[in-house]
Amino acid sequence: GAQAGRGFELQQPQDKVWVAAGETLILTCTMSGGGPPGAVRWLKGLGSGNKTVYEQKGSFPRVTRVVSESDTDFSIHIRDVRAEDAGTYYCVKFSKSLLGDDEVLQHGRGTVVSLHETALVPSMVAAAVVLCFLLLLSFFIALCMYRRKRRGEVGSQCLARLAATGSFLPIPLRCCAGTSGTPRFDFSCDSIHHLCALLQQSSREDNDIHYADLQPLPVAPQHSRSPSAACSEYASIRVAAQ
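Reading the values: rules and limits
- Residues numbered from 1 in each chain as written.
- Predicted model: local features only at pLDDT ≥ 70, side-chain atom pairs only at ≥ 80, totals over all residues.
- Heavy atoms only, no water.
- Salt bridge = Lys/Arg side-chain N within 4 Å of Asp/Glu carboxyl O.
- Helix = DSSP H or I, 4+ residues; strand = E, 2+ residues; numbered from the N terminus.
- Buried < 20%, exposed > 50% of the residue type's maximum accessible area, 1.4 Å probe, protein only.
- Disulfide = S-S within 2.5 Å.
- Phe/Tyr/Trp six-rings, centres within 6.5 Å; stacked < 30°, edge-to-face > 60°.
- Lys NZ or Arg CZ within 6 Å of the ring centre and 35° of its normal.
- Pairing = 2+ DSSP bridges.
- Axes fitted to C-alpha atoms, helices over the stretch in contact; angles between N-to-C directions.

Undergrad: Before we go on, may I ask you to explain the pattern of salt bridges in this structure?
TA: Pairing between side chains of opposite charge can happen when the charged atoms of each approach one another. Scanning all chains against the criterion turns up six salt bridges. Between Asp-102 and Arg-41 there is a salt bridge; the shortest N-O distance is 2.8 Å. Pair noted here: Asp-102 is in strand S10 (residues 102-107) and Arg-41 is in strand S5 (residues 40-44), with a separation of 61 residues, a long-range link. When its relative accessible area of 32% is taken as the criterion, Asp-102 is described as partly exposed. Note on Arg-41: relative accessible area 19%, which makes it buried. Arg-62 is paired through a salt bridge with Asp-85; the nearest N and O atoms lie 3.0 Å apart.

Quick look at the structure:
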């Protein structure tokens, strides 16, 4: 038997396998170099306390060959894995002794099978994704609110400085009338920033008084108004302070 087993090699490449309860476990075992006659079995554990998981003879309802009738591939499927399936599995090649008994010719290094909860990993990944999304959303909302607050503060400071200094700058304002009797003044953000920039320059001219007339100009006759002249300009004057 020992001479007949020369050149024979059994390979069990898996060291450790994680599987969830209810899933299908695959245990890999291949052989090469021929070998003497004898059975191939999958055992759970070695020694006197081992348990036969699969062999070519017998009935094993949850265990099937991956490649049936193969002489080199003895990999198996174990369906509907349960908690009691956890343990170390060995692929074992037997040979016949002179007395007809089965002797172990060679066995694999063993595959440790461990079970984990089915929904543990997906639930953790989903929770991490949701948490990251909420953090990004909160940061975006806080940034938008901060920018809006800063813009409001800039406008308020400019108007306060104007009121404190008593200076009014000749900034052209536009009045776009929706109706002939209800003009609408357009105070854009650009006008506010322009107002602040000019305030610094005008603060040095304390002897000047700037006055802007915000009264709308008389409405031009409808027949003389061109489509491009929907808005009226307002004039402003500046006089020297006494």
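Having seen the model, we can carry on.
Undergrad: Would you explain the state of the cysteines in this entry?
TA: Linking two cysteines covalently via their sulfur atoms produces the bond known as a disulfide. By the definition in use, this model includes one disulfide. Covalently, Cys-29 is tied to Cys-91 through a disulfide, its sulfur atoms 2.0 Å apart. The S-S bond linking Cys-29 to Cys-91 shows a torsion near -70°; that makes this disulfide left-handed. With Cys-29 in the loop between strand S3 (25-27) and strand S4 (30-32) and Cys-91 in strand S9 (residues 87-96), this residue pair connects regions lying 62 residues apart in the sequence. For the residue pair Cys-29 and Cys-91, the accessibility class agrees, reading buried in each case.

Undergrad: Where do I start with the packing of aromatic side chains in this structure?
TA: Two aromatic rings, taken as a pair, are described by how far apart their centres are and by the angle between their planes. Counted by the stated rule, this structure contains one aromatic pair. Between Tyr-54 and Phe-60 the ring centres are 5.8 Å apart and the planes differ by 55°, which places this aromatic pair in the tilted class. The ring of Phe-94 has Arg-41 sitting right over it, with the charged end atom 4.5 Å from the ring centre.

Undergrad: I tried to follow the sheet that holds S3 on my own but got confused; where do I start?
TA: Strand pairing in a sheet takes place through backbone hydrogen bonds and is either antiparallel or parallel in direction. The three strands are arranged S3-S8-S7 in an open sheet whose pairing can be described as antiparallel. If you trace the sheet from one side to the other, it starts and ends with S3 and strand S7 (63-65), each paired once. On average, each strand axis in the sheet is tilted by 25° relative to the strand beside it, whichever way the strands run.

Undergrad: So what exactly am I meant to see when it comes to unusual backbone geometry here?
TA: Keep in mind that most residues, glycine aside, have a negative phi and that most peptide bonds are trans. In this model, Glu-69 sits at a positive phi of 65°, which is unusual for a non-glycine residue. Relative to the elements of secondary structure, Glu-69 occurs in the loop between S7 and strand S8 (76-78). The phi dihedral of Asp-80 is positive, around 50°, even though this residue is not glycine.

These figures come from the coordinates and say nothing about function on their own.
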